[in-house]
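Take a look at the letters that make up each chain.
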Amino acid sequence: MVAVSPAMAEYFRRLEENLNEALSVAEIARSRGYDPTTTVEIPRANDIGDRVEVLVGVKGVAERVRILEKEMSREEVSLKIGDDFVAKIFGETTREEIVDHAIRTSMGILTEGVVAAPTEGIAKVAFGKNDDGTEYLKVYYAGPIRSAGGTAQALSVLVGDYVRQALGIDRYKPRKEEVERYIEELKQYNGIQSMQYMPSEAEIRLIIENCPVCIDGEPTEREEVSGYRNLERVETNTVRGGMCLVVAEGLALKAPKVMKNVKKMKMEGWDWLQQIIDGVASKSSDEEEEPGVHPKDKYIRDLIGGRPVFSYPMRKGGFRLRYGRSRNTGFAAAGFHPATLHILGDYLAVGTQMKTERPGKAAGVVPVDTIEGPTVLLASGEVRRVDDTAEALAIGPSIVRILDVGEILISYGEFLENNHPLIPSSYCEEWWLQEGGPRHPENEMEAIEFALSGAPLHPDYTWFWDDLAPAQIRRLAGIVSERGRIAGDALRVVNDPELKAILEEVLVPHTVEGDEVVIRTYLVFLACLGLSLDLNLRRTWEDAPDGPSLALVSHLSGFTLRSKAGTRIGGRMGRPGKSKPREMKPAPHVLFPVGESGGARRSVQNAGAYKDRSNADGGTIHAETGERRCPQCGAVTFKNRCEACGTHTTPVYRCPRCNREVQGPVCPACQGPTVCLLETDLRVKEEYAAACARLGMRENAVKLVKGVKGMISRDRTIEPLEKGVLRAAHEVYVFKDGTVRYDMIDLPVTHVRPREIGAPVERLVAIGYTHDYNGAPLTSSDQVLELRCQDILVSEKCGDWLLKVSQFLDDLLEKFYGLPRFYNAEKPSDLIGQMLIGLAPHTSAGVLCRLLGFTKASVGYAHPFYHAAKRRNCFAGDTEIRVFEEKGWRSMPVRQFVLENFDLAEPGLDAAGTHWSPPKRYAAVQAVDSQGNTKLRRVTAVSIHRAPKHLIHFETARGKTLEVTPEHTMLVWDLCYLRKVMAMEVREGDRVPVAEGGQVIADTVTAVRYILCPEEQVYCLTVAEDHTLAANGIFCGQCDGDEDCVMFLLDGLINFSRSFLPETRGGSMDAPLVLTTRLDPKEVDKESLNVDVMERYPLELYEAALRYAPPKELEKAIDHVDLRVGTPGQYEGFRFTHDTADISAGPLESTYTTLGSMFDKMEAELELGEKIRAVDVDDVAERVLNTHFIRDLMGNLRAFASQTVRCTKCATKYRRMPLAGKCPKCGGKVNQTVHEASVKKYLEMSRRMCEKYAISDYTKQRVEVLDMAIDSTFGKEREKQLGLADFM
Amino acid sequence: MLCEDEIVSRFLATSLFVSPEVVAYIKEQDDPGLIDRIIAGTPEGTVVVSPDCIPALKKVRDGTRFLADPVCEVLAGMENSAESIRDFEEYITYFRNRFTRLSTFMRGRIQPVPIEALARTGRYQEEEVSFIGMVSNVRSTANGNKMVEVEDPTGTMRVLFNKSREGFSEAEKILPDEVIGVRGKLSQDGTIFFANTLVRPDIPLSNAPYRSERPGRAVLISDIHVGSDTFLEDEWHRFADWISGQEDIGYLVIAGDLVDGIGIYPGQEKELVIKNIYQQYAALGEMLSALPERLTIVISPGNHDVVRGAEPQPAIPPAFRIGYPANCVWVENPALVSLQGVRVLIYHGRSFDDMIGTIPGASYNRPAEIMEEMLKRRHLAPIFGMRTPIAPGKKDPLIIDPVPEVLFTGHVHISGIKRYRGVLMINAGTWQSQTAFQKQMNTVPTPAQAVVLDLQSLETEIVDFLTPGS
């Protein structure tokens, strides 16, 4: 039982109660028989055991897992459970079943029962014959195995071996040509998708020759191998992506972890792993152990036009690190002063991702107003620090230069999470207070008194002396002494450019009056320069040291001084936040087929008006639906409820080959797959009329009800049309699984104020928030409450949307199911306390949560546990790619590498959705280039654990298959950047980056099998699409990581059905197959355990940081969740070091999203870059040219001359122009997919940038050469220069 | 329908062996009487029946050729013939031109019906018919057969090649966008065509290469990659010294990738010793100026060159020709050049990348095999839409027509020489040592080789400059 306090127990009880209430309503609704099944299809799962049981579908597993977990680590459980299967205790009958269930179950356990790998990643198991007559085990891996992560992939092989031995089956003895086939195929796959790691030939040979289980796979790519074809024991000539992943990213890359388990379980026949470990280890030995830290420019390597850089790596004027955790930071979110957010052009809004230099790759932006804001130079010559949001907005236009962008608040937990050495903090009051500072000084005189009595000088009066060279300090002292005077409470010095420049470095606030610079806080300033009040050099100058600067001023003044700058951290804008309803494209209201006759809008009404020929009655279309039969009267229908007798119908399966009815998914006679298919003349018009009548609505009450073209699920189950009419009436759209959802970026928050979340105090008290975080009774809306872990805040826009959905659901209950209304909400705040389901991209487990309030920002705020429970370790981040990946892709954006060196052996290290454990040591893996140059570098588009990025295997119009691993994240072009989506979310027709001949270009996905680019701190796990994973020819991207969605609990319970899910592999990703009802910190993503919960960091931290100590050193000294696991304290009693007045302060929408064209974005970016001291704008321009514009120009130019065409009428795509010159299918006009204008869109801008900024000759010539190539392709005459806006 | 075994055994019965080409010819003609006529016409003492023995087949090149003065003449691909794309619709014209011209090459051998006629009328069902089409899609079926979608301007048809039929290995090599002829039967319902025989445009069996009437030698090189840090400068100087001493060499032909270029692949900047594109060309200009003036230097661009990537690639623009000797002839890619009447088709070879990835068993190590596939298809870059961009025009300049004496390519950096039906295929290697990319891909180039072509005998010799003194 989870350790909880009585208060938490009460909280969980309430949740349970609410859940049960919803369940009972849903059960009645479902029992009416209008839905695909008569029972609720989202089972509840409280722990891993339950989730696995539901996911894999083997009864009794949950109980065994619970028992075994008490005795051993999770990895051991995953192996041991195999014994139970061998003993047939779960009722398996055949050997295949035993092995199959054992492997799936253990994969489920290893991946926390949240990802689709166990069900979708393994296609089947089979037995083969060795040449000596013995049998061996073959495991067929499929694309989605990517979602499992390398370790779980590798361990699944181990499980197979374990079970195999127990069953007395011999090992796999590969033939020579089979080994060569593996080598060829892996190489080819790596060419297609770029794996995280490509083993050498010798490694592959070693693995295949020794691995006791035959790693086989389903064909995932489009390419076939060319050398070792038609082998007797290898069923396909097509490249098998799943197999390649398991060999390369699993066994080869994760050999150390596998070895650990082998030893623990005392398994035999795996000693050869040691050779791989030794081999791999020797390769990475040259990795530098760096003392201190050095600038890292990785985060600006792939610059996308329009996303500004705010600070170059460790450059003067960049973000200054301050340690601390505010209510809303930690867990990959960093705090900035709202004034900073505004002054940086409003680019950073709440929830915007920022790519950072360190400690992790990315951070979510949140406002914290108790830290320092930026220091700016105004047109009047005044230099001032801005710590007030209103002031920041007021002076905005008069800022000529941003000398310092202000502080960045990062928690200790982030360093721990990323295993990044601690780095010196900027000098701040909380540190000063622990070093003997008695209290905040009232004025400069008092600060000096404190300093003289032993404490260091207070940070408010500490200027940036260490940014100056000692010679500059001498020079400054000289100038002030010669040309200064003290008059009227201020130091006045005759202005000149040299003096001004130095003052703008040391950042002492000053103004310019006439020809004099006026410094009002001059006492400390003079003391530090070794000047007396009459501006003469004091005697301390006589024995002044040469340097360093800080020691010099300390000597001159006699104060102890600490660095005000501390460590500067670079950052640039990543992805803007997002908050909008989930809509498929085109967005349907109902899963009801309308075929071609619905038109491009898939209108049910249009389909109803369709006439086969003129004069016919019309309203009937031909459609493929599922075949269902009424058990009562035997009527055959496509509906879920028999029209004749009202009985719930059941699907009928037939074998298309044997043409007979069979039970289950496989034909017993021919072993072929069965189908559930009824070719129907669908009377759309009548159906629609009947639906409206049943709802008591007029037929023209809604103008447009949108259906889908055809059904894609196995059973081709359709939804009752009534649901569509009601959704249309309330303007909500259905997702592929029958639910309606809202997507939001995720941010962590541990404490809230009623005032900032729009929740009335009485309401909060009513739902259990009776006391504030200090234990005082809740009476005022300004008190701080500690957030319960399953309560969430959504954006106000989401609140409006929820209101619409609740009305839809109420209407549905009342008019369709004949049940009482449930929500009865009139305004969003009426919904506070209602239950929702939270779901992260690419997961299969939803998390039960409760609506607590609304934020103005376009983000979702929730407890770190909640985020972690859904997290599937995807990569976060866009890959910007390159890619295209960069890999990723990339390119494209592709992106990335991940650190891999997790210590699998540590117990309890699996994170939800991915396998994760803390790195054993600080190790960099090979990096992949996310931009896309794929083949040269290894990019991974796979999911990885640590960094966000990602994918699935896709086929594209250019004949690539990409992958991002299915579980990888993939990249999709979104306007001008590649958006990451899981590979599984990539749809046909999406444009993905592909690498061709060293360049990255955009390609269109024509078939989705499964892409990537991870970045950020999130772990990525998936590789979904990536295949591009990049790369891979395609680049994968990183996943966006923290975006997830919410839906109403009741919506999920009533409207969700597995039978709507697409038949394709990966179809069950992103669907709430199970519901986690109670969060156990032990079982959520381990990242949340690194959230620190102290009110003040100890002095030790600051001192350790000065030595660049590893964060682990302070693990015990700083209270964080990990230390509390297993006690009631794991849920409550959290504190924070910095408060903030409003968690939605600062810009609410990023400038990036409000600027229209790339031209405007680029202009604005460069203009801002010119203002910021910490940014080298010439370099920004060059990087954007290189990583974005030139790539785009090259890619599109090439794409133009190898483009696909598309029929304007039926949208069929052709790889090349048909000879007929028109669409062979429908005779429609075929049109180009790449236009001259899109090839040229960045040309003019690139040329202008070359003229305006100091761009290297190399880059300039590249633009020049491209310009010539474009001329020669399209002809010289540029009759008119189209405005850029014409193309955007 | 004659099958191979039957043909071979008919010849064996009269103690004759028969060459595979003859078998293929007989199959194509599908005339059982032909075998007797061939046997009858075979001279006494013949052991192997070669195409020469086919009565109707006379070598067609009579040796008369009107030579231009000077002796080096650009027949196709002269400077400024590549046009810009005016209209996207030109792709229709382009592919139709490809279809029409390539089908002409097959018309003597099969009697095609339009696809539309196949599908529309019932009269072809169950009867052996032939048609010609351009491949729009190729895939393997679950049973390992090949399903090929082909189209002509009138319609589309699915063609199934059964793996158990003879000649399936050729069907496995069917590429998207090549033009093929098939003979076989239409299915009952008229939706699938079961192919018996696959016919390609191919080089006529009767092809006999022209040989120069007077002595003369040409040197063929490609992929110099000036500017790269792996360009083999010393080896080049050895080559320059050697060629200065070879008085009878009158021509130097370069098949593209003259310089390493800029921005061709990511991170290229780090691998360049000359980062300025103008200076790269200037360096090559200097190198060529040092060669004897008697040489006519034919220069064609490649994918690393400064011109557009879409083929046909225009000749190197005048802005980059500063410092080059006057004896340079600037041509496009591809280009057909007559050297003393010997026609050399110069093509850089971008399409190797696509074809090697698509043809089973193809390897970068054996470029000549791929060149043979080009000849069989009478097309330099059959696959559209992959790595070889193609700029459409009224005529398809990538069609191999007329049949040249020599097909000369580069790009893969591995030399290879082979003959196919009288056409000499030459890939000339490179002047760049193994690059980082090649190391990663495990390809080993054959750098610093020059192929010497005797125009009179059409014999070749490879001269290696990699080691000093050789």
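What counts as what
Position labels on residues start from 1 in each chain and follow its written sequence. By the order in which they are written, chains take letters starting at A while ligands take numbers starting at 1. Residues qualify for local features only when their pLDDT is at least 70, as the model is predicted, and side-chain atom pairs are given and counted only at 80 or more; totals for whole chains, interfaces and linings, by contrast, use all residues. Hydrogens and water are ignored here; the side-chain numbers use all heavy atoms of the structure. Think of it this way: any DSSP run of H or I at least four residues long counts as a helix, any run of E at least two long counts as a strand, and we number them from the N terminus. A simple rule labels every residue: compare its accessible area, found with a 1.4 Å probe on the protein chains alone, to the largest value its type can have, and call it buried under 20%, exposed over 50%, or partly exposed in between. Here the accessible surface of atoms and residues is derived via Shrake-Rupley with a 1.4 Å probe, and residues count as covered only by protein chains that are part of the display. UniProt positions are given in the numbering used here, feature names are shortened, and annotations may be inferred rather than shown by experiment. Strand pairing follows a simple DSSP-based rule, namely that at least 2 bridges must link the two strands. To obtain each axis, a line is fitted to C-alpha atoms, and for helices this fit is confined to the stretch in contact; angles are then taken between N-to-C directions over 0 to 180 degrees. Domain limits in this description derive from either an automatic procedure or a database domain assignment. Should any heavy atoms of two residues lie within 4.5 Å, those residues are counted as being in contact. Values labelled buried area give the accessible surface lost by two parts on being combined, using a 1.4 Å probe and summing over both. Salt bridge, as applied in this entry: a Lys or Arg side-chain nitrogen positioned within 4 Å of an Asp or Glu carboxyl oxygen. A 3.5 Å cut-off defines polar contacts: any pair of N or O atoms within that distance qualifies, except that in protein one atom must be a possible hydrogen donor and the other a possible acceptor, and neighbouring residues in sequence count only when both atoms are side-chain atoms. The nonpolar class holds Ala, Val, Leu, Ile, Met, Phe, Trp, Tyr, Cys and Pro. Asp, Glu, Lys and Arg form the charged class, and all remaining residues, Gly among them, are polar. Within a predicted model, pLDDT stands for the predictor's per-residue confidence, ranging from 0 to 100. Relevant arc is that of directions from the helix axis to the C-beta atoms, nothing else. In this scheme, a crossing is called left-handed if the near helix is turned counterclockwise away from the far one by less than a right angle; it is called right-handed if the turn is clockwise. Joining through side-chain atoms within 4.5 Å is the link that ties buried Ala, Val, Leu, Ile, Met, Phe, Trp, Tyr and Cys residues into a set, and such a set is a nonpolar core.

Draft legend 1. Structural view of the overall build of chain A. Counting its regular elements, chain A contains 36 helices and 47 strands. Relative to its full complement of 1288 residues, chain A shows a buried share of 66%. Total accessible area on chain A stands at roughly 41200 Å², and carbon and sulfur atoms take up 49% of it.

Draft legend 2. Region of the structure containing the UniProt feature "domain: DNA polymerase alpha/delta/epsilon subunit B" (unreviewed entry) in chain B. Per the UniProt annotation, the sites labelled "domain: DNA polymerase alpha/delta/epsilon subunit B" (unreviewed entry) are residues 219-411 of chain B. With 23% helix and 19% strand, the stretch residues 219-411 of chain B has end C-alpha atoms that lie 17 Å from each other.

Draft legend 3. Representation of the sheet that holds strand 7 (residues 179-186) of chain B within the structure. An order of 4-5-6-8-7 (chain B) is seen for the 5 strands of this closed barrel, with the pairing classed as mixed. Looking at each pair of strands side by side, their axes are set apart by 55 degrees on average, direction ignored.

Draft legend 4. Just the domain arrangement of chain B, in detail. Residues and elements named next belong to chain B. Split into domains, chain B comes out as domain 1 (4-57), domain 2 (110-199) and domain 3 (217-464). The C-alpha centroid of domain 2 is placed 27 Å from the C-alpha centroid of domain 1. Between domain 1 and domain 2, the contact holds 4 residues from the first and 4 residues from the second. Of all residues in domain 1, the largest losses of buried area upon contact with domain 2 belong to Glu4, Lys27 and Glu28, amounting jointly to 83% of the total for that side. At the junction of domain 1 and domain 2, the tally comes to 0 salt bridges. On the surface where domain 1 and domain 2 come into contact, there are 0 residue pairs in polar contact (both at pLDDT 80 or more). A per-class count over the side of domain 1 that touches domain 2 returns no nonpolar, no polar and 4 charged.

Draft legend 5. Focus on the sheet that holds strand 12 (residues 399-404) of chain A. Residues and elements named next belong to chain A. The strand order 11-10-12 describes an open sheet built from 3 strands, whose pairing is antiparallel. Two strands in the sheet have a free side with no partner beyond their single neighbour: strand 11 (383-385) and strand 12. Recorded for the sheet is a direction-independent mean angle of 30 degrees between the axes of neighbouring strands. Of the pairings in the sheet, the one linking strand 10 (residues 375-378) to strand 11 comprises 3 bridges and is antiparallel in character. Considered in strand 11, the bridge of leucine 377 is made with valine 383.

Draft legend 6. Quick peek at the pattern of salt bridges. Residues and elements named next belong to chain A. One pass over the structure, following the stated rule, counts 104 salt bridges over all chains. The partner of arginine 164 in a salt bridge is aspartate 161, and the shortest N-O contact between them spans 2.6 Å. Of this pair, arginine 164 and aspartate 161 both sit in helix 7 (residues 149-167), 3 residues apart, which is roughly one turn of that helix. Considered together, arginine 164 and aspartate 161 belong to a single accessibility category, that of buried residues. Between arginine 753 and aspartate 1139 there is a salt bridge, with its nearest N and O atoms 2.5 Å apart. Taking the relative accessible area as the measure of exposure, aspartate 1139 reaches 23% and is therefore partly exposed.

Draft legend 7. Structural detail: the confidence of the model for chain A. All names here are of chain A. Chain-level pLDDT for chain A is 79 on average; 81% of the residues reach the 70-or-more range. Counting interchain partners and residues more than four positions distant, the pLDDT-below-50 stretch residues 281-290 has 7 contacts. Taken together, the stretch residues 963-968 has pLDDT below 50 and engages in 117 contacts with residues farther than four places along the chain or on a different chain.

Draft legend 8. Broad picture of the interface of chain A and chain B. Taken residue by residue, the interface counts 44 residues in chain A and 54 residues in chain B. Summed over both partners, the interface of chain A with chain B buries about 4200 Å², with 54% contributed by carbon and sulfur atoms. The three residues of chain A that bury the most area against chain B are Arg1216, Leu1219 and Tyr1258 of chain A, which together make up 20% of that side's buried surface. Counting every contact that joins chain A to chain B gives 4 salt bridges.

Draft legend 9. Structural view of the confidence of the model for chain B. All names here are of chain B. Per-residue confidence for chain B gives a mean pLDDT of 88; residues scoring 70 or more make up 95%. In the model of chain B, helix 11 (residues 436-441) stands out as the element of lowest mean pLDDT, 72, in contrast to strand 14 (residues 406-409), which has the highest, 96. Among the scores for the predicted complex, ipTM is 0.88 and pTM is 0.75.

Draft legend 10. Focus on helix 3 (residues 61-71) of chain A. All names here are of chain A. Here helix 3 has its buried residues at Val61, Ala62, Val65 and Leu68. Angularly, the buried residues of helix 3 cover 130 degrees about the axis, an arc narrow enough to put them on a single face. Along helix 3, the residues that are exposed and aim more than 90 degrees away from the buried face are Lys70 and Glu71.

Draft legend 11. Highlighting the packing of helix 5 (residues 95-110) of chain A against helix 7 of chain A. All names here are of chain A. Here helix 5 crosses helix 7 at 145 degrees, and the two axes come no closer than 9 Å. In terms of crossing hand, the pair formed by helix 5 and helix 7 is right-handed. Residue-level inspection shows Arg95, Ile98, Val99, Ala102, Ile103, Ser106, Met107 and Leu110 of helix 5 in contact with helix 7, the latter providing Ala152, Leu155, Ser156, Val159, Gly160, Val163 and Leu167. Along the lines of polarity and charge, the residues of the contact of helix 5 with helix 7 split into 11 nonpolar, 3 polar and 1 charged.

Draft legend 12. Expanded view of the nonpolar core. Counting 201 residues, the largest nonpolar core has Ile215 and Trp270 of chain A as its most contacted members. Beyond its immediate chain neighbours, meaning those up to four positions away, isoleucine 215 of chain A contacts Val139, Tyr141, Val157, Tyr182, Met243, Val246, Val247 and Leu251 of chain A.

Draft legend 13. Examining the UniProt feature "domain: OB" (unreviewed entry) in chain B more closely. UniProt's feature table lists "domain: OB" (unreviewed entry) at residues 129-189 of chain B, given in the numbering used throughout. Helix makes up 8% of residues 129-189 of chain B and strand makes up 56%, while its end C-alpha atoms are separated by 15 Å.

Draft legend 14. Spotlight on unusual backbone geometry. All names here are of chain B. Cis geometry marks the peptide bond from asparagine 333 to proline 334, where omega comes out at 0 degrees. Position of proline 334 among the secondary structure elements: in strand 12 (residues 328-339). That bond from aspartate 401 to proline 402 is cis: its omega, 0 degrees, falls within 30 degrees of zero. Among the structural elements, proline 402 can be located in the loop between helix 10 (367-377) and strand 14. Positive phi values are uncommon outside glycine, yet histidine 413 reaches one of about 70 degrees.

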